[in-house]
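# Examination of the molecular architecture
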Amino acid sequence: MTDSTLGDSRGVPAAGSRLSRDDLLDRAQPYRRELLAHCYRMMGSVHDAEDLVQDTYLRAWRAADRFEGRSSLRTWLYRIATNACLTAIESRGRRPMPSGIGAPGDDPERPVVEAPEVPWLEPVPDAMFRGEQPTDPAAVIVTRSSMRLALVAALQHLPPRQRAVLLLREVLKWRAAEVAELLDTTTASVNSALQRARAQLQQAELTEEELSEPTDPAQRELLDRYAKAFENSDVSAIVQLFKEDAVWEMPPFPEWFRGRETIARLIGAQCPIGPGEGLMMPTAANGQPAFALYSRHEGGDYKPFQIHVLTVEDGAVAHVAAFFGEELFRTFGLPESVPADTARR
């Protein structure tokens, strides 16, 4: 299979020749980040994506003697990674967000109950993709818009092969014939799958214009106010930052809520962090602004509580995905404890 979009013949042998296993792995290393992004979009899990990238390189190493340079090395690696993801999805299923499996809650004061049996979608730290070269025309760009949480969540509702078709055609810009060869199907079937996938994603109303640049002064001021409001447990200040129809969800709890007044009631009734007991540490996830929220414990130190991934639209917070789980703090490279004196500084 040839590939004009992803083609990169640098260091690849001519058709009919062979690379040694070690040489192939050396030349495959520059594609690790973009393969990780692809596997994450397919799976909705950082840990699954990392495992599948490792599996991709192991499969490539084992099959090195069969790589003849008839397609680009990048294309060959994507073929392996995509098929590995499709196989994994068969056994692991999809990873939803709470808003994707039920109606919004109507009683924010009622205690919420975890659903640990659900394999929830995970956020991915932007730091994992630093080092990409967006000016390289041969590179597959890990754009902020292609990683945003709403898109990855919407992809989880597509059948696996439709998910693969959409990503290969729309994000990676493969030709329909190339996707058909990878999936062992026809070009007509690929085009039909792409149409169905597009129609389903249109319901999510996803547009690149919704993402503000992280250096935008107005957004920075909004985020500063957001952090201070949560650190002070100032519910009245928090509610002023949300859009009227804002959404709040918090895996692993299946309940989610719509409307800033409802969100204010939820935070006021169920957030255990009192005034001066919170610490917000800025980070970034899925190409969006994010905060790690720590709560102060009796010993004085701050411990992990939630990671907030924000969607900002028209100068207000439109969506917050507040993820629980100390393991996420480790994934983001965040400290597992912050001493009180450090927090004050």
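Scroll up a little and you will see the structure.
Read on for an overview of the structure. Quick caveat, the model's predicted, so the values are computed rather than measured. (Residues numbered from 1 in each chain as written. Predicted model: local features only at pLDDT ≥ 70, side-chain atom pairs only at ≥ 80, totals over all residues. Heavy atoms only, no water.)

## A short note on the overall build of the protein
Across its full length, the protein holds 14 helices and six strands. Looking at the protein as a whole, 50% of its 345 residues qualify as buried. Counted over contacts in the protein with a minimum sequence separation of 6, partners at least 24 positions apart contribute 69%. Surface accessibility of the protein: about 15900 Å² in total, with carbon and sulfur atoms responsible for 48%. (Helix = DSSP H or I, 4+ residues; strand = E, 2+ residues; numbered from the N terminus. Buried < 20%, exposed > 50% of the residue type's maximum accessible area, 1.4 Å probe, protein only. Contact = heavy atoms within 4.5 Å. Areas by Shrake-Rupley, 256 points an atom, 1.4 Å probe, with all protein chains shown as cover.)

## What about the side chain of Gln-162?
Assignment of secondary structure puts Gln-162 in helix 7 (residues 160-171). With residues up to four places along the chain from it excluded, the contact list for Gln-162 reads Ala-193, Arg-196 and Ala-197.

## What about the environment of Thr-143?
The topology assignment puts Thr-143 in the loop between helix 4 (73-92) and helix 5 (144-147). For Thr-143, a relative accessible area of 28% corresponds to the partly exposed category. Sequence separation of Thr-143 and Asn-286 is 143 residues, and the distance between their C-alpha atoms is 9.4 Å.

## Considering the pattern of salt bridges
Enumeration according to the criterion identifies 13 salt bridges in this entry. For Asp-314, the salt bridge is made with Lys-243, and the minimal N-O distance between the two is 3.9 Å. Within this pair, whereas Asp-314 is found in the loop between strand 5 (302-313) and strand 6 (316-324), its partner Lys-243 is found in strand 1 (residues 242-250), the two being separated by 71 residues in sequence. Classification of Asp-314 as exposed rests on a relative accessible area of 76%. As a salt-bridge pair, Arg-330 and Glu-336 come within 3.8 Å of each other at their nearest N and O atoms. The exposure class assigned to Arg-330 is partly exposed, which follows from its relative accessible area of 46%. For Glu-336, a relative accessible area of 46% gives the class partly exposed. Among the charged side chains, a network of salt bridges with common partners joins Asp-48, Arg-92, Arg-95 and Glu-122. (Salt bridge = Lys/Arg side-chain N within 4 Å of Asp/Glu carboxyl O.)

## Regarding the sheet that holds strand 4 (residues 288-296)
Across the sheet, which stays open at both edges, the six strands sit in the order 2-1-6-5-4-3 with mixed pairing between neighbours. The two strands at the open ends of the sheet, each matched to only one other strand, are strand 2 (253-258) and strand 3 (278-285). Averaged over neighbouring strand pairs, the angle between their axes works out to 20 degrees when direction is ignored. With seven bridges connecting them, strand 4 and strand 5 associate as antiparallel partners. Along strand 5, the bridge assignment pairs Ala-292 with Ile-307. Relative to the sheet, helix 12 (residues 260-270) contacts strand 1 and strand 2, its axis offset from that of strand 1 by approximately 45 degrees. (Pairing = 2+ DSSP bridges. Axes fitted to C-alpha atoms, helices over the stretch in contact; angles between N-to-C directions.)

## Quick notes on helix 9 (residues 187-202)
Spanning 16 residues, helix 9 covers 23 Å between terminal C-alpha atoms, matching the ideal 22 Å at 1.5 Å per step. Taken residue by residue, helix 9 has Val-190, Ala-193, Leu-194, Ala-197 and Leu-201 as its buried positions. For helix 9, the angular spread of the buried residues around the axis is 105 degrees, confining them to a single face. With respect to the buried face of helix 9, the exposed residues turned more than 90 degrees away are Ala-188, Gln-195 and Gln-202. In this structure, the buried side of helix 9 is in contact with helix 6 (149-155), helix 7 and helix 8 (176-183). (Expected span 1.5 Å × (residues − 1). Arc of directions from axis to C-beta.)

## Let's talk about the nonpolar core
Tyr-40 and Trp-76 are the most contacted members of the largest nonpolar core, which totals 76 residues. Take this core: its biggest share by element is 11 residues, from helix 4. Each residue touching Tyr-40, except ones within four places of it in the same chain, is listed here: Ser-45, Val-46, Ala-49, Leu-121, Glu-122, Pro-123, Val-124, Met-147, Leu-149, Val-152 and Asn-286. In this structure, Ala-227, Leu-266, Phe-291 and Val-317 belong to the second largest nonpolar core, which totals 28 residues. (Core = buried A, V, L, I, M, F, W, Y, C linked by side-chain atoms within 4.5 Å.)

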